[in-house]
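# Observations on chain architecture
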Amino acid sequence: MDPKQTFLSWPVVRQVRSGDFLGRGPSVTSKRTRELTPRTVTADRVVQSVCPYCAVGCGQRVFVKDERVVQIEGDPDSPVSRGRLCPKGSASEQLVNSPGRQRKALYRRPGAADWEPIELSKAVEMIAQRFVDTRRRTWQDHDEHGRPLRRTMAIASLGGATLDNEENYLIKKLFTAAGAIQIENQARI
Amino acid sequence: MQDLSNADCIVIQGSNMAECHPVAYQWVMEARLKGARVIHIDPRFTRTSATADKHIPIRAGSDVVLLGALINHIISNELYFKEYVVAYTNAATLVSPEFQDTEDLDGLFSGYDDEKGSYKQDTWAYASADGEGDESPGTIGGPAAVHEHGQTESERSAGEQHGSGGPALEHARVLRDETLQDPNTVFQILKRHYSRYTPEMVADACGISVDDFHYLAEAVTENSGRERTTAFVYAVGWTQHTLGAQFIRTAAIVQLLLGNMGRPGGGIMALRGHASIQGSTDIPTLYNLLPGYLAMPVAGLHDTWEAYLGAIANKEQKGFWANADTYAVSLLKAWWGKAATAENNWRFDYLPRLSGAHGTYQTTMAMLDGEVEGYFLLGQNPAVGSAHGRMQRRAMSHLKWLVVRDFNMIESATFWKDGPEIVSGELVTEDIETEVFFLPAAAHTEKSGSFTQTQRMLQWHHQAVQPPGDCQSELQFFYELGRRVRELLADSTDERDRPLLDLTWDYPTDGHGEPDAEAVLAEINGRHLTGDKAGQPLSSYTEMKADGSTEGGCWIYTGVYADGVNHAANRKPGREQDLTALEWGWAWPANRRILYNRASADPDGKPWSERKKYVWWDEEQGRWTGHDVPDFVPDKAPTYRPEPGTGGPAGLAGDDPFVMQADGKGWLFTPKGMLDGPLPTHYEPQESPVRNPLYGQQSNPARKVFPRKDNLWSPSGGERGSEVYPFVFTTYRLTEHHTAGGMSRWLPYLAELQPEFFCEVSPELAAERGLENGGWATIVSARTAIEARVLVTERMTPLVVGGHTIHQVGLPYHWGVGKEALVSGDAANDLLGVALDPNVQIQESKAGSCDIVAGRRPQGEALLRLVEEYQSRAGSTVMTGNVLVTPPEEESR
Ligand code: SF4
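Residues numbered from 1 in each chain as written. Chains lettered and ligands numbered in written order. Predicted model: local features only at pLDDT ≥ 70, side-chain atom pairs only at ≥ 80, totals over all residues. Heavy atoms only, no water.

### Re the overall build of chain A
- The helix and strand tally for chain A stands at seven helices and eight strands.
- Here chain A has a C-alpha radius of gyration of 28 Å; the compact-globule value for 189 residues is 16 Å, and the former is much larger.
- By the burial criterion, 59% of the 189 residues in chain A qualify as buried.
- Long-range contacts, defined as pairs at least 24 residues apart, comprise 32% of the intrachain contacts of chain A with a sequence gap of at least 6.
- Taken as two groups, the 31 positive and 22 negative side-chain charges of chain A have centres that lie 4 Å from each other. (Helix = DSSP H or I, 4+ residues; strand = E, 2+ residues; numbered from the N terminus. Rg over C-alpha atoms; globule rule 2.2 N^0.38 Å. Buried < 20%, exposed > 50% of the residue type's maximum accessible area, 1.4 Å probe, protein only. Contact = heavy atoms within 4.5 Å. Lys, Arg positive; Asp, Glu negative; His and termini not counted. Charge placed at Lys NZ, Arg CZ, Asp CG, Glu CD.)

### A short note on the confidence of the model for chain B
Residues and elements named next belong to chain B.
- In this model, chain B carries a mean pLDDT of 91, and residues with pLDDT of at least 70 account for 94%.
- Long-range and interchain partners of residues 131-166, a stretch whose pLDDT sits below 50, account for 102 contacts in this model, where long-range means more than four residues apart.
- Overall fold confidence (pTM) sits at 0.91, and the ipTM for the predicted complex is 0.91. (pLDDT = per-residue confidence, 0-100.)

### Things to note about the interface of chain A and chain B
- In this assembly, 116 residues from chain A lie in contact with 164 residues from chain B.
- Summing the contributions of chain A and of chain B, the shared interface buries around 12,400 Å²; its carbon and sulfur component is 62%.
- The largest share of the area that chain A buries against chain B comes from Arg150(A), Tyr169(A) and Arg188(A), three residues that together contribute 7% of it.
- Our enumeration of links across chain A and chain B arrives at 11 salt bridges.
- In this assembly, chain A and chain B are joined by 75 residue pairs in polar contact (both at pLDDT 80 or more).
- Top contributing element to the side of chain A that touches chain B by residue count: helix α6 (residues 120-137) of chain A, with 16 residues.
- For the side of chain A that touches chain B, the class distribution of residues is 59 nonpolar, 27 polar and 30 charged. (Buried area = accessible area lost by both parts, 1.4 Å probe. Salt bridge = Lys/Arg side-chain N within 4 Å of Asp/Glu carboxyl O. Polar contact = N/O pair within 3.5 Å; in protein donor to acceptor, adjacent residues only side chain to side chain. Nonpolar A, V, L, I, M, F, W, Y, C, P; charged D, E, K, R; others polar.)

### Quick word on the environment of Gln26(B)
- Residue position: Gln26(B) is located in helix α2 (residues 25-33).
- Relative accessible area serves as the criterion here: at 11%, Gln26(B) is assigned to the buried category.
- It is 36 Å that separates the C-alpha atoms of Gln26(B) and Ala835(B), two residues lying 809 residues apart in sequence.
- In contact with Gln26(B), not counting residues within four places along its chain, are Val80(A), Ser81(A), Arg82(A) and Arg84(A).

### Concerning the sheet that holds strand β6 (residues 230-234) of chain B
All names here are of chain B.
- One open sheet holds the five strands; their spatial order is β3-β2-β1-β6-β7, and the pairing between them is parallel. The open sheet is flanked by β3 (54-56) and β7 (268-270), the only strands paired with a single partner. Neighbour-to-neighbour, the strand axes of the sheet open up by a mean angle of 20°, direction not taken into account.
- Bridge count between strand β1 (residues 9-13) and strand β2 (residues 37-41): five bridges; the pairing is parallel. For isoleucine 12, the partnering residue across the bridge sits in β2 and is histidine 40.
- Packed onto the sheet, helix α4 (residues 63-76) meets β1, β2 and β6 and runs at close to 155° relative to β1.
- Contacting β6 and β7, helix α11 (residues 244-257) crosses the sheet at an angle of about 175° to β6. (Pairing = 2+ DSSP bridges. Axes fitted to C-alpha atoms, helices over the stretch in contact; angles between N-to-C directions.)

### Details of the site of the ligand
- Neighbouring the ligand are Cys51(A), Tyr53(A), Cys54(A), Val56(A), Gly57(A), Cys58(A), Leu85(A), Cys86(A), Lys88(A), Gly89(A), Pro22(B) and Val23(B).
- One chain alone does not account for the residues near the ligand; they come from chains A and B.
- Of the residues contributing to the shell around the ligand, the split by class is nine nonpolar, two polar and one charged. (Near = heavy atom within 4 Å.)

### Observations regarding the domain arrangement of chain B
Residues and elements named next belong to chain B.
- By domain assignment, chain B separates into domain 1 (2-80 + 193-270), domain 2 (95-175), domain 3 (360-496) and domain 4 (704-892).
- When each unit is reduced to the centre of its C-alpha atoms, the spacing between domain 1 and domain 4 is 26 Å.
- Taken together, the contacts link 26 residues of domain 1 with 29 residues of domain 4.
- Between domain 1 and domain 4 lies a buried interface of about 2,100 Å² when both sides are counted; carbon and sulfur atoms form 54% of it.
- When residues of domain 1 are sorted by the area they lose upon contact with domain 4, Arg44, Gln240 and Thr242 head the list and together hold 30% of the total. (Domains from an automatic or database assignment.)

### With respect to the nonpolar core
- Leu257(B), Leu294(B), Phe376(B) and Leu481(B) are the most contacted members of the largest nonpolar core, which has 177 residues in total.
- For Phe376(B), the contacting residues outside a window of four places in its chain are Ile127(A), Phe131(A), Ile155(A), Ala156(A), Ser157(A), Leu158(A), Phe175(A), Trp401(B), Val403(B), Phe477(B), Phe478(B) and Leu481(B).
- Counting 111 residues, the second largest nonpolar core, distinct from the first, contains Val96(A), Tyr375(B), Leu377(B) and Ala413(B). (Core = buried A, V, L, I, M, F, W, Y, C linked by side-chain atoms within 4.5 Å.)

### Points about the domain arrangement of chain A
- With domains assigned, chain A is organised as domain 1 (1-36), domain 2 (45-97) and domain 3 (119-188).
- Between the C-alpha centres of domain 1 of chain A and domain 2 of chain A the distance comes to 33 Å.

### Re α6(A)
- If you check α6(A), its first and last C-alpha atoms are 26 Å apart, about what 18 residues at 1.5 Å a residue would give, namely 26 Å.
- If you check which residues of α6(A) are buried, you get Leu120(A), Ala123(A), Val124(A), Met126(A), Ile127(A), Ala128(A), Arg130(A), Phe131(A), Val132(A), Thr134(A) and Arg135(A). (Expected span 1.5 Å × (residues − 1).)

### Structural notes on the packing of helix α8 (residues 199-206) of chain B against helix α9 (residues 210-222) of chain B
Residue and element names in this part refer to chain B.
- As a packed pair, α8 and α9 sit with axes 9 Å apart at the nearest point and diverge in direction by 115°. The hand of the α8/α9 crossing is right-handed. Each of Pro199, Glu200, Val202 and Ala203 in α8 lies in contact with α9, whose residues at this interface are Val210, Phe213 and His214.
- Of the residues belonging to the contact of α8 with α9, the class tally is five nonpolar, one polar and one charged. (Left-handed = near helix turned anticlockwise from the far one by under 90°.)

### Let's talk about a nonpolar patch on the surface
Residue and element names in this part refer to chain A.
- A grouping of Phe7, Leu8 and Trp10 is seen on the molecular surface, where their side chains present a nonpolar patch of about 330 Å² in accessible area.
- Relative to the helices and strands, tryptophan 10 is located in the segment before α1 (11-18).
- The partly exposed category is assigned to tryptophan 10, whose relative accessible area is 45%. (Patch = residues over 30% accessible without salt bridge, like charges linked within 9 Å, V, L, I, M, F, W, Y side chains within 5 Å. Areas by Shrake-Rupley, 256 points an atom, 1.4 Å probe, with all protein chains shown as cover.)

### What to know about the environment of Ala91(A)
- With respect to the helices and strands, the residue Ala91(A) is situated in the loop between α4 (87-90) and α5 (92-97).
- When near neighbours in sequence (up to four residues on either side) are disregarded, Ala91(A) contacts Leu747(B), Tyr749(B) and Leu750(B).

### Brief notes about the packing of aromatic side chains
Residue and element names in this part refer to chain B.
- Per the counting criterion, the structure on display carries 48 aromatic pairs over all chains.
- Pairing tyrosine 725 with tyrosine 870 gives two aromatic rings, centres 5.8 Å apart and planes at 35°, and the pair type is tilted. Taken together, the residues tyrosine 725 in the loop between β20 (704-705) and β21 (727-732) and tyrosine 870 in helix α25 (residues 860-874) connect sequence positions 145 residues apart.
- The buried category is assigned to tyrosine 870, whose relative accessible area is 6%. (Phe/Tyr/Trp six-rings, centres within 6.5 Å; stacked < 30°, edge-to-face > 60°.)

In structure tokens, the structure reads:
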């Protein structure tokens, strides 16, 4: 028997002493586990957020260290979720940090077999140009009875339903002013 | 959400709440711990069923028969909440004697127009107090209704004419018989309409035994009334049908009859699927709406400002929609600022016009016809998530340019090189001329903004870190795009560019170019423009004016920024508040958590019972008070009676709780607005192995169909060829994935938890088709064939319907074919065709016909040949399933 181990460190005694009667808590943790510090403790700050997946809207706490999200947990303050998250909400740290996440703008030329890199601002400029050109080319002022239409039927959009209200507002505002009416959303699906 | 814990009985139908809204489900469990009865009605046995008191398996698409039988049971056994029904619903209201029911016309209502495939709604109107022959634009939904005149000029069968909240009625001069005996009362019409919806019919159509029906009927009726309440919960299991809106209407009738609307533990809980899907309807990125459910103008209907106002805001109707002019003017002021003046009708002419339905599926078909050049996909993956994936991908290959904004390289961004049509040889990468931009998106932790969750509550999420690399919020991208487009047009003298150049498009940005989301929220909330309060935020939509002195981007959200405070960011911990938790987030309208909560008190303003006390009239203070923000004019006494003919909110009596309805009543019968009938009626799905047991009319005669070679259907209900696709398939989702997988199939944890596409089949079907658990199966519909791993499970129950055994196949739809996700597989939605609900243009994805055989599907051309071989064996032609009114020779079969 290891001389450092005493009667008090016998498993059963350990369990009783620590109140861990089911033997799933401190009485059975390994040295490695005891030496780990949760990321939530060493974080620089905690930011209140909302789960981006489903419409239950569970509260989240986002833990940030060195300007990186290091952990996302349920917010016990939320009267809706009371600290709980489902598998998706619990995985949202990976949504942010997943190695497969795209971080660069890409461009595919007509007929090309693959992507090529593109400067973000160049891409936005090209899109703006196409937006204006398409709109000009396909403008409908009136229908066949002379009633006003003021629109283009050649620009459309389909949005997911995890966009912010403020984002949807700007999208609707810009498209409507541009006369593009075919704006749609997951909400219709 | 929390209010579900107040229910005494919860019926979950069309939803697998435990798996799809898991954290909300704790409130159902809490109710059950307190003794509530929980019943799950669903084709599959799921974790929701496992934790319910009872699971009742149902044939997908037959819900109206079950709920209609419940209505019949409630009425014929006089189990309805009499006082509530008489006072708060339109049960006592008389309907035009010209109305003819589906009982009279074998499955059609009066007013069906064969040529247009849609209804003219004038015979559904309330009878007029002014007697017949009243030609003034007066009767509610009456023959002279302004709307109907307009509608004859345009495609009548499109849901886009009304914003929401019900259509405008012209006034409220109605006839009522409070004894409910007059044969023309809504109540008597309802009774006749559902008289053949019996427990035996339920057994025959839904595959639900008479005993199970009685279990349900007893649970629901015993747990309703003064002392008790029952809640219904649904999700897309109800909406994704060719009569989806009517499924929900049927539940609304049940809940109104039982007096469960507007009361704690009652109501109908719509479980919406995505973080802000409610928000994207409120501030719509939808073609037919402007923010706050104002209608987009329609050519021919709303050519002038006066015509538009007349349609959205009739001053003679009761309720808050009568003030829609103030909402519309405030919106136009928010968008076009100083350029919008009374003289130019607030620049109403700047709004583009609709000319029919322009939903996402119509747009897809327009792409195939080469009419769409540019397409933006904003966190959406239609190649996997929309019905008929093949049509979606082929459509995108016709675009000139495509912008995909997402976190991950989704299948909709790579269809031109990795899509199944490239593999099958139908499309060739080099021939696809589409220019594609992929722009990476910022995550919720990398931007600030609000989501509106399923119970209309806005919650703010704060930016925690900067987005990495090129990642950007939509806010920044669209702000920037708008800026550049305006720059490009800056010198334009073309009148058509004025709406863009006059647009208010000036938001403060941070050092990284990110617009201040709170500034956008403040615009949405609205502000005073003139007077001493100029510049101050509005605190309620009732402050909005139609004279240009206020602006506000979405009237129903007014109040979220009252006093310049972002109330969406309110975060008083739940444990420091009561269950309603009014200081957490902000719910529209006016931070109200239960709509129509005036109905939680009796006509005199007293709670129906101590146990179900929620909002009541405080006689001493002369105000409504309670646990929630009262959904009523705060100081309008229960005894208040308006002068006859008064419109607007003042026209509502002190006991008219349904303040958004044009007559202040809960509508059992919809005199106007529902395009496929004033009462929900059972029709079979577009594709069904079953003949409609109730009427000669097989399917919804007003459904939207698209007869095209690339959108073929299986023959239905005993027609020749229907045996080729003998089984019913239904699609659904899993806890571990999200929609088309864009936010889940790239995450190692979630991908590992649900790595592979599978199909659920019963042991009986497995035996019949030689399917092995863990092996492969090929599922064939009239559109395509896909392969999936087989899960043989008793969770699927074969049902006996119309004397035949019906097998159902369950398909989770999260996977897609591509090379970039951690897990991929065939997409279940590829099996679907496009047929839509006429009211909301949502596709039928919860019920279709298929065959299933053991083994993997063929690849390449062989796959196309297999699908064609099935089509020709079934004899499917472009017209199969697409004849709206069932011809008499088929009815007799
Ligand atoms: S944690 Fe789960 S239940 Fe909660 S909002 Fe996120 S996805 Fe929905």
